[in-house]
Amino acid sequence: MVVPPPKACISGALPWGPNNNETMLPAYCQPEPACLIARLHGGSCVAQGVLEPVLCESGFYCPENGRKKIPCPEGSYCRKGSVEPIKCSAVSNCPKGSERDMSLIPLGIVIVIDALLITMVIVLKVRGFFVIRRINRKDHRVHHPLKRSPTFYKTIGGSISGKFHGKNEGKQYEELDDEVDTDVIYGSVGPDAMPLSPSLDGYDRQLRRHPIGFEAMALKEDMFSVAAPMDDDNNAADRTDLQRFVQSLSKIMGASTFGLSFEFQDLRFHPKKSPRPILQDVSGFIHAGSLWGVMGASGAGKSTFVNVLMGKQSGITGITKVNGIAGDIKKYKKIIGYVPQDDIVLPELTVRENILHSARVRLPVSWKDDEIQHHVDVLLNCLQLDHVKNSLVGSPGAPVISGGQRKRVSIGMELAAAPMALFLDEPTSGLDATAAASIMATLKALSRLGMTVITVIHQPRPEIFESLDSLVLLGAGRMIYQGPEEGVQSYFQNLGYNFPAHSNTADVMGDIIAGEGRLYKPIGDATVKGLIDYWAMAHPSAASINPDRRPPISIAETAVLSNTIKERGAQWYRQLYFCFNRSLLQQYRMKSSFFFELGVGAMSGFLIGLAQLNSKGDNFTGIFIEPYQLISSATIYSKIPQMSLLVGLAIGLTASAPGVKIFGEEKLVFWREAAAGHNRFSYYMGKVFSTIPRMVLANLHFTTLFMLLSTPQISYMHSFAANLLYFYCIYGLASCVSMVTRREDGPLLAVMLSLIVGVLNGMSPTLDKVRTWHMEWLWRSSPGTWLAEAYFTENLMPLKYLYDIEVARKSMGYWLDGYARDCGMLLFLGTAYRVIAFVGLRFMYPTKQR
Ligand SMILES: Nc1ncnc2c1ncn2[C@@H]1O[C@H](COP(=O)(O)OP(=O)(O)OP(=O)(O)O)[C@@H](O)[C@H]1O
């Protein structure tokens, strides 16, 4: 190769190699000092001689081996070093001499989608408003006790203030709020203000209102009888609801009897860490179809005891029998309902939606959806939730329905599945007297239907205490008393305890079993140990407690029962569909957070694009290909990884907090549903699938604005796909975070992790450097590296006719030409995060899912 003589190095600014041919090869001319400095800093200067080529300017193209320099024609754009113009996309502003293509098509799509979303939300809101109004009006006319009981209403009308009072007396009920709360309305009708005339037949002083549904049944037990006369319209309607409910139950159970009986003998639980047994020598019998209260001082072992009966507690010795048959209680899980102390319900769903989901997942597979809906509506009526069924449940911090109604929703979620035994943990705690009485009346009615209802209860008010059929009293993990509620006072009196006149039996008994017996027994043994020993001596076995217990169920009945259990629960794919729908609905109800995520995505895309605006898509300066290396400027290899770093950080900041919110705020719901037999995989996959639409939309907003302003070499579609997969990774990471942290720490930790995986992208230190530390595996396990590599590949490959990209690749340490592999790895990492999160969800708190 012959280098032309130095005389060729005269001044002149010419396009790329105008004089180059086989005999006149490009020449490196010693540059002027100013030009040298400019090149060392990555800049350019005019050619230093006629034989020294320069890059074709942006806005021009230089065909015929650079012999011509032609302005880019209208409708095309020409980047720096172009050999020919590139056609602009259909909708973009490309006048003559354009340097880049700022396509407006994606922006148009974003605007159309946003307009559609906003219109859809407005239409749904308006439609929802009218539908709920119509339904509520209809329901008020059909179901509401006040509406159905004009006599009652007129009688108390004079005593009620506010909406019930005044000039529109004939129309008062129609004017009630949709979200009106019966507990509040009825509660506002003070007992003193109430003219308790005989005409108010059915009015309950304890509830301070006219009971319906389960409550009415508890108070008037013969009402349930099919043959009972219809004494008035109210009772007829109540009776019909109850009959329908019972019909539903019979259909679900496939057995004549609803309740389960429990027998337990010598139960003992002594965890290694505990210095003393938590339960010891606990024996007894719980009849089917009765309402049981489990009482004891704090730490007496009440929760442990009911957990044993529900099959939730492992490490127990002793015998437990269900319906007279010994075995693993876990197999009855699908027909045992458990209502936890906290109302674990989904606040974004309505009362009906919460209960309906439970019914759809847990009722027998053979049930059609309209049958399930009917069952739920009947149940809502029986639970007196029909007038608030379309109200959101809300959270304790932002309540929509009252505490008592929320508790009934929680109970309803279990009843929807028609359990044969219902366990409750302090169902009246935190409720006012009216709401507590209402809950207890409901439980009583359920027990009268044949269900076995067992509730842990703490310091009950007299009326609640008296509503219990039987009691289990525990002290220091051992039995103090088991038997009818009416017999408990005489039992303690026989042991020498005095119950002061007019005292509350429950309070006195509570003091005695909490170790304050001396207050009521001046002489003799008044210790809890004394009570335990006496009970053990008098009742050496379970049989001695309940000599009249029923024989075990027959083989035929056992077969029916196992069939009933086997049929319970929708198939996993149907559960997945229900969970997917539910999660979409939740996101729709939390639309402000959804729109906020879109807004943040758009804003971060705009800002990062703005930061790249001046570079006009020129993100790389390399060493020219042979034989032009010597005239190369200083290289700039890190600008593309830098751009991908910004993209990664922006997506991390946009998606990590919503990701945590979607996956992390419902651990309690997941545990409750898993414990009730819902399919865990379906729940999780429903959540995963439901995030896809919001990821796509958030990414659309981000990528569109970013690409519009930054106009890099990578195509819109390739950038969109890589960014979407990065969103997928961040959501996956957020789901992992939500498994291991507290709810309030989740967003912060997720943001922190997204920063870490964003920074581990091979820009600095470069992957090449990291390789020398033998740490490439760490960088390769971060989605940031694969995103950067995808961007590096796609921005560099179009320039390989100009620059020696192999040198750039080696210098940075990325692999080139593997965009599909990079995207595949992002998909793999995002999926791996989800698998880890699911495994964590499944195995981290196994006891809570039992
Ligand atoms: N797995 C366990 N390992 C160690 N100790 C346990 C375990 N389970 C329960 N305990 C302890 O046993 C005691 C009884 O617990 P349990 O929750 O059954 O009582 P409780 O009567 O329901 O109390 P509270 O009314 O306060 O809820 C408590 O001191 C508790 O810390």
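Starting afresh in each chain, residues are numbered from 1 along the sequence in its written order. The predicted nature of this model means local features are confined to residues of pLDDT at least 70 and side-chain atom pairs, given and counted, to a pLDDT of 80 or more, with totals for whole chains, interfaces and linings taken over all residues. Only hydrogens and water are set aside; all other atoms, that is, all heavy atoms of the structure, feed into the side-chain values.

### Concerning the overall build of the protein chain
Only runs of H or I of at least four residues qualify as helices and only runs of E of at least two qualify as strands under DSSP, and these elements are numbered from the N terminus. Scanning the protein chain from terminus to terminus reveals 31 helices and 14 strands. Buried means the residue's accessible area, taken with a 1.4 Å probe over protein chains only, is under 20% of the maximum for its type, while exposed means over 50%, and partly exposed covers the values in between. Buried residues in the protein chain amount to 54% of all 850 residues. Contacts in the protein chain between residues far apart in sequence, at least 24 positions, make up 70% of those at least 6 positions apart. Here the open area of atoms and residues is found with the Shrake-Rupley method and a 1.4 Å probe, where only the protein chains shown may cover a residue. Just so you have it, the protein chain exposes about 36,900 Å², and 61% of that area is on carbon and sulfur atoms. The contact rule is simple, with two residues in contact once any of their heavy atoms fall within 4.5 Å.

### Notes on the layout of surface pockets
Using only the protein atoms, space was sampled on a 1 Å grid; points where a 1.4 Å probe fits but cannot get out form cavities, open sets with protein on both sides within 12 Å along at least five of seven lines form pockets, and lining residues are those with an atom within 4 Å of a point. Grid points are joined across faces, edges and corners, and a volume is the space filled by probe spheres set on the points. Considering only enclosed or pocket space, the second largest pocket measures out at about 790 Å³ in volume. For the second largest pocket, the lining is made up of 33 residues, of which Lys312, Tyr338, Thr847, Lys848 and Arg850 are closest to its centre. Mapped by element, the contributors of at least two residues to the lining of the second largest pocket are helix 9 (302–310), strand 10 (336–339), helix 23 (667–675) and helix 31 (819–843). By residue number, the principal contributor to the lining of the second largest pocket is helix 9, which donates 5 residues. Residues are grouped as follows: Ala, Val, Leu, Ile, Met, Phe, Trp, Tyr, Cys and Pro are nonpolar; Asp, Glu, Lys and Arg are charged; every other residue, Gly included, is polar. Of the residues that constitute the lining of the second largest pocket, the class distribution is 12 nonpolar, 9 polar and 12 charged.

### Things to note about helix 29 (residues 783–796)
Given the number of residues in a helix, its expected span is that number minus one, multiplied by 1.5 Å. For helix 29, built from 14 residues, the straight-helix expectation of 20 Å at 1.5 Å per residue is met to within 8% by its first-to-last C-alpha distance of 20 Å. Helix 29 sits mainly inside the fold: 14 of its 14 residues count as buried.

### Notes on the packing of aromatic side chains
Here a Phe, Tyr or Trp ring, Trp counted by its six-membered ring, pairs with any other such ring whose centre lies within 6.5 Å, and the pair is stacked when the planes are under 30 degrees apart, edge-to-face when over 60, and tilted otherwise. Inspection of every chain in the model, using the stated rule, returns 25 aromatic pairs. For the ring pair Phe620 and Tyr637, a centre distance of 5.5 Å and an interplane angle of 15 degrees mean the geometry is stacked. With Phe620 in the loop between helix 21 (591–611) and helix 22 (639–664) and Tyr637 in the loop between helix 21 and helix 22, this residue pair connects regions lying 17 residues apart in the sequence. Comparing Phe620 with Tyr637, the two get one shared label, buried. A connected cluster of aromatic rings, assembled from ring pairs, spans Tyr481, Tyr491, Phe492, Tyr497, Tyr534 and Trp535. Distance and angle both matter: a charge sits over a ring if NZ of Lys or CZ of Arg is within 6 Å of the ring centre and within 35 degrees of the ring normal. Above the face of the Trp815 ring, Arg780 is positioned so that its terminal group lies 3.7 Å from the ring centre. In this structure, Arg834 is placed above the aromatic ring of Tyr728, and the distance from its NZ or CZ to the ring centre is 3.8 Å.

### Considering the side chain of Lys302
Its place among the elements puts Lys302 in helix 9. Lacking a salt bridge, the buried Lys302 has Glu426 as its closest oppositely charged neighbour, with an N-O distance of 5.4 Å. Side-chain atoms alone can form a polar contact between residues adjacent in sequence; in general such a contact is a pair of N or O atoms within 3.5 Å, and within protein one must be able to donate a hydrogen while the other accepts it. In terms of polar contacts, Lys302 uses its side chain to reach the backbone carbonyl oxygen of Gly296, at 3.1 Å. Apart from the residues lying within four places of it in its own chain, the contact partners of Lys302 are Val294, Met295, Gly296, Ala297, Val456, His458 and Leu474. In this tally, Asp and Glu contribute negative charge and Lys and Arg positive charge; neither His nor the terminal groups of the chain are included. By definition, a salt bridge exists where a carboxyl oxygen of Asp or Glu is found within 4 Å of a side-chain nitrogen of Lys or Arg.

### As for the nonpolar core
In this description, a nonpolar core means a group of buried Ala, Val, Leu, Ile, Met, Phe, Trp, Tyr and Cys residues linked to one another through side-chain atoms lying within 4.5 Å. One finds Phe262, Phe305, Ile355, Leu443, Leu473 and Phe492 to be the most contacted residues of the largest nonpolar core, which totals 97 residues. For this core, the element with the highest residue contribution is helix 13 (residues 433–449), accounting for 7 residues. Look past the residues within four positions of Phe305 in its chain and what remains in contact with it is Phe264, Leu267, Leu279, Val282, Val294, Val472 and Leu474. In this structure, Ile631, Tyr731, Trp779 and Leu787 belong to the second largest nonpolar core, which totals 77 residues.

### Brief notes about the site of the ligand
With respect to spatial proximity, the complete set of residues near the ligand consists of Phe269, Pro271, Ile278, Ala297, Ser298, Gly299, Ala300, Gly301, Lys302, Ser303 and Thr304. The contact in question runs from an oxygen atom of the ligand to an N or O atom on the side chain of Lys302, over 2.8 Å. Within the complex, the protein chains bury 59% of what would otherwise be the 630 Å² of accessible surface of the ligand. If you tally residues by element for the shell around the ligand, the top one is helix 9, at 3 residues. Broken down by class, the residue content of the shell around the ligand amounts to 5 nonpolar, 5 polar and 1 charged. Throughout, the term near means that a residue has one or more heavy atoms lying within 4 Å of the molecule or strand in question.

### Remarks on unusual backbone geometry
For the bond running from Ser764 to Pro765, omega is -5 degrees, close enough to zero to count as cis. Along the polypeptide, Pro765 turns up in the loop between helix 26 (746–759) and helix 27 (767–772).

### A word on the sheet that holds strand 6 (residues 279–286)
Only strands joined by at least two bridges in the DSSP assignment are considered to pair. Across the sheet, which stays open at both edges, the 4 strands sit in the order 6-5-8-9 with antiparallel pairing between neighbours. Of all the strands in the sheet, just strand 6 and strand 9 (325–326) have a single pairing partner and so form its edges. Here strand 8 (residues 316–322) runs beside strand 9; their pairing, made up of 2 bridges, is antiparallel. Paired with Val322 across the two strands is Ile325, which belongs to strand 9. Angular values range over 0 to 180 degrees, each being the angle between N-to-C directions of two axes fitted as lines to C-alpha atoms, with helices fitted over their stretch in contact. Packing of helix 9 onto the sheet brings it into contact with strand 5 (262–269), strand 6 and strand 8, and relative to strand 5 it is tilted by some 125 degrees.

### Description of the pairing of strand 6
A large share of strand 6 lies buried, amounting to 6 of its 8 residues. Judged from the 5 bridges that link them, strand 5 and strand 6 form a sheet pairing that is antiparallel. Within strand 6, the residue paired with Leu267 across the bridge is Val282.

### Digging into the confidence of the model for the protein chain
The predictor rates its confidence in each residue with pLDDT, a number between 0 and 100. On average, the protein chain scores 81 in pLDDT, and the residues at 70 or more come to 81%. Between residues 1–15, whose pLDDT stays under 50, and residues either more than four places distant or in other chains, the model counts 31 contacts. For the stretch residues 142–203, pLDDT sits under 50, and the model shows 91 contacts to residues farther than four places along the chain or on other chains.

### Observations regarding the state of the cysteines
In what follows, a disulfide is any cysteine sulfur pair within 2.5 Å. One pass over the full model with this rule turns up 3 disulfides. In this model Cys56 forms its disulfide with Cys62; the gap between the sulfur atoms is 1.8 Å. On the sign convention where negative means left-handed, the S-S torsion of about 80 degrees between Cys56 and Cys62 marks this disulfide as right-handed. Residue Cys62 is classed as buried on the basis of its relative accessible area, which comes to 4%.

### Topic: the pairing of strand 7 (residues 291–296)
Counting buried residues in strand 7 gives 6 out of 6 residues, a clear majority hidden from the surface. Residues Leu291, Gly293 and Met295 point to one face of strand 7 and Trp292, Val294 and Gly296 to the other, with burial holding for every one of them. Bridge analysis of strand 7 against strand 12 (residues 452–456) gives 4 bridges, and the strand direction is parallel. Considered in strand 12, the bridge of Leu291 is made with Val453. Pairing of strand 7 with strand 13 (residues 470–475), which is carried by 5 bridges, proceeds in the parallel orientation. Its bridge partner lying in strand 13, Met295 is registered against Leu473.

### Brief notes about the pattern of salt bridges
On inspection of all chains with the given rule, the structure shows 24 salt bridges. The shortest N-O distance in the salt bridge between Lys616 and Glu99 comes to 2.8 Å. Of this pair, Lys616 sits in the loop between helix 21 and helix 22 while Glu99 sits in the loop between strand 4 (86–87) and helix 3 (105–143); the two residues are 517 residues apart in sequence, bridging distant segments of the chain. A salt bridge links Glu806 to Arg809; the nearest nitrogen and oxygen atoms lie 3.2 Å apart. Placement of both Glu806 and Arg809 in helix 30 (residues 805–812) is noted, with a separation of 3 residues, approximately one turn of the helix. For Glu806, a relative accessible area of 37% gives the class partly exposed. Here the salt bridges do not stand alone but share partners, grouping Arg771, Glu776, Arg780, Glu789, Arg821 and Asp822 into one network.

### Things to note about the sheet that holds strand 11 (residues 421–425)
Spatially, 6 strands are ordered 10-11-12-7-13-14 in an open sheet, and the strand pairing comes out mixed. This sheet does not close on itself; its edge strands, each paired only once, are strand 10 and strand 14 (478–484). Each strand axis lies, on average, 15 degrees off the axis of its neighbour in the sheet, ignoring direction. Pairing analysis gives 4 bridges linking strand 10 to strand 11, with the strands arranged parallel. Its bridge partner lying in strand 11, Ile336 is registered against Ala421. Relative to strand 7, helix 9 is tilted by about 140 degrees, and along the sheet it contacts strand 7, strand 10, strand 11, strand 12 and strand 13.

### Description of helix 20 (residues 572–589)
Between the first and last C-alpha of helix 20 there are 25 Å, a value that for 18 residues agrees with the 26 Å anticipated at 1.5 Å per step. Among the residues of helix 20, Gln575, Leu576, Phe578, Cys579, Arg582, Ser583, Gln586 and Gln587 are the ones counted as buried. Elements in contact with the buried residues of helix 20: helix 10 (351–362), helix 21, helix 22, helix 23 and helix 24 (680–710).

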